[in-house]
Every structure is written in structure tokens, then in C-alpha cells.
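A structural walkthrough
Next come the chains, spelled out residue by residue.
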Amino acid sequence: MRVFLAGATGAVGRLAVPLLHAAGHHVTGTSRTAHGTAAIRAQGADAAEVDVYDAAALRRAVADARPDAVLHQLTDLSAADGAANSRLRREGTRNLVDAAAAAGVDRIVVQSIAWAYPPGDTPATESVPLDDTADEPRARTVAAVRALEDTAAELPTAVVLRYGLLYGPGTWYAPGGPVADALAGRPAAAFLGALDADDAVSSFVHVADAARAAVAALDWPGGPVNITDDEPAPGRDWLPALAGALGVPAPPATRGGPAWARGADNTLARSRGWQPEYPSWRTGFAAQDA
């Protein structure tokens, strides 16, 4: 299969390139910079230097790649700017889907999130609708996620990967990253998320497992799929474990937390053959080199 990988230098994308090659796919990856396209070519893939907001250039790049499928792993999180990432979900996805449709592509796999569900007492399955009860600023995030998913669904087959919180190389939760600095009380780069050891439940997924899901999803039927590990957990459980793995102090345990923080159920992904190498954050955090 010929695959157009938008976001080939991101945390998930750069791990997906060799997996796609190993599965026998021909890859064209995108980056906004010459440095990024050089890195993509160094992995043995074709590269297109293109900005997703340049609709005409993106359309040409997709047409030139002649893909059978588009793999959308684009984010705009380097500055931890939620508004910028929401814009990418709306406008970037719009441009990418339009380019795919113009090139006759009928399959797309897109990166979404597993914490846009409404409040509930159990981890959410994909049958739960996205949260339409949220107040601002969460409402803007959920609206952008909805726009991303609805836009992707305009193509005949759209697989929506609702990732849990990504950890591992290239993420905020990696050793030496902004989360480690924040927990240690050092000046930290910006990141999005809370570091409260409370009752709020989160679901995690290692970036390597996310990349494996993205490649496998090229053969899946359309619709949303939660890509998370097997153990949704409250902050009072996972945050001390993360702090220990990073070699930094853990915050004191508290109670409370937002009602929407319920975690997500990964039964559907597992039923399709996806088996995470790190089925729990307990082993995944410990495997990171602090």
C-alpha cells in the first residue's frame, strides 16, 4: 500500500515510518522544514516539504504521492498551545481530507484523543458520544476533536484513533521532559495537562504502541477506536509511579478531580488484534530511562 503520512516527524509519526516499511508499505512523509524532510529520507521514506495550511501545496503533494491511504498524525503541540492544536484539528484536517478526496483516496486514519468523553462512572467505550456538556475551555477542545472526526468521516473509510495520554520518547512525560521538570520544581517547558494526584482517571498509551496501532489501522474498518493501555487509573495511583520512574518527587495525594476524567476502554482495539507491548503504565513508566 502507498501511504501518505502527514506528521512523519512527530512523536508517533517517526516511529510509524519503520513499522510501515516493515509491513511492506511505500511511505511518503511530510514535514514543514527541510531538516524534517531530511530526517524522513534518512529513514528510507519519500518526503514532502509542505505546510498543512497551504491547501494548494498540500493537494499537489498528495497527488504526487499517489497514496492508497492517508495517515494523519499531525499535531501542533511544540508550544503547548491548545488553540493552535485545535486550529490544526479543524483547518489542517479539512485541507488534508480535501487533498485526499481530490486524489481519489478513500481511506484515512486520523489521530484523535480518548479524553473527550462526557462524565461517567466507568471507562468510556466508543459507543459513548463526545462530551457536549463541557464548559470552556474544554468545550473548545472537544469541538475541535468533533470537527476533526467529522471531517475525516467524509471519506469512505475513516479510522479514528482515540489515543490515551502519550508517554515515551518525544513526549512531555519522557525523562528530562517538562513533566519531570515540573514535578521536580525546576523551570519547565510548557505542557498541557494536570499533575494532581487525585481521583481523576486517565488512560495512557506508550508512543510505540500508538504507532503500532496506526499501522494496523490501515486494515481496520472505519469508526472510532480507543487506543489505550489496559489500566485506566486515578492520578493518586499513576502520578507517584511516574515520579518514581523519573526520579523526581511525587506530589501529595488529594481527592476530587473533573467528572469527565474517566479513562477509556480498549476492548475494541484488542478485538482487532492490537496488543500493546506496554499493557500498563506501571511497566511502561518503569521502562523509561530516567
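What this report covers is the structure whose coordinates are included nearby. Keep in mind that what you see is a predicted model, and the values were worked out from it rather than measured.

Here's the deal with the side chain of R162
For R162, the location among the structural elements is in strand β6 (residues 157–163). A polar side-chain atom of R162 sits 2.6 Å from a polar atom in the side chain of E149.

Examining unusual backbone geometry
Looking along the chain, the bond that leaves E136 and enters P137 is cis, with omega of 5 degrees. On the secondary structure map, P137 appears in the loop between β5 (107–113) and α5 (138–152). Despite not being glycine, R66 has its phi angle at roughly 50 degrees, a positive value. Residue position: R66 is located in the loop between α3 (55–65) and β4 (69–72). On the basis of relative accessible area, R66 is assigned to the exposed category, the value being 55%. A positive phi angle, near 55 degrees, is found at A80, a position not held by glycine. Its place among the elements puts A80 in the loop between β4 and α4 (82–102). Residue classification places A80 among the buried positions, given a relative accessible area of 13%.

Brief notes about the sheet that holds β6
The seven strands are arranged β3-β2-β1-β4-β5-β6-β10 in an open sheet whose pairing can be described as parallel. Two strands close off the open sheet at either side, each with one partner strand: β3 (46–49) and β10 (223–227). For this sheet, the mean inter-axis angle between neighbouring strands, taken without regard to orientation, is 20 degrees. Bridging between strand β1 (residues 2–6) and strand β2 (residues 26–31) involves four bridges; their strand directions are parallel. Looking at the pairing, V3 lines up with V27 of β2. Against the sheet, helix α2 (residues 34–42) contacts β2 and β3, and its axis sits at roughly 170 degrees relative to β3. Against the sheet, α3 makes contact with β1, β2 and β3, and its axis sits at roughly 155 degrees relative to β1, the strand it touches most.

Comments concerning the packing of aromatic side chains
With the rule as written, the count across this model stands at eight aromatic pairs. Seen in terms of ring centroids, F204 and F285 are 5.3 Å apart; in terms of plane orientation they differ by 85 degrees. Their pairing is edge-to-face. Of this pair, F204 sits in strand β9 (residues 204–206) while F285 sits in helix α10 (residues 281–287); the two residues are 81 residues apart in sequence, bridging distant segments of the chain. Across the pair, F285 and F204 agree in class, each one buried. Arranged with centres 5.8 Å apart and planes meeting at 40 degrees, the rings of W281 and F285 form a pair that is tilted. Note that W281 and F285 are positioned in helix α10 at a spacing of four residues, about one turn of the helix. For the residue pair W281 and F285, the accessibility class agrees, reading buried in each case. Connected via pairs of aromatic rings, a cluster forms that spans Y167, Y173, F204, W238, W281 and F285. Over the ring of Y53 we find R87; its NZ or CZ atom is 3.7 Å from the centre of that ring.

About the criteria used
- Residues numbered from 1 in each chain as written.
- Predicted model: local features only at pLDDT ≥ 70, side-chain atom pairs only at ≥ 80, totals over all residues.
- Heavy atoms only, no water.
- Helix = DSSP H or I, 4+ residues; strand = E, 2+ residues; numbered from the N terminus.
- Polar contact = N/O pair within 3.5 Å; in protein donor to acceptor, adjacent residues only side chain to side chain.
- Buried < 20%, exposed > 50% of the residue type's maximum accessible area, 1.4 Å probe, protein only.
- Pairing = 2+ DSSP bridges.
- Axes fitted to C-alpha atoms, helices over the stretch in contact; angles between N-to-C directions.
- Contact = heavy atoms within 4.5 Å.
- Phe/Tyr/Trp six-rings, centres within 6.5 Å; stacked < 30°, edge-to-face > 60°.
- Lys NZ or Arg CZ within 6 Å of the ring centre and 35° of its normal.

Keep in mind that these numbers describe shape and distance, not what the molecule does.
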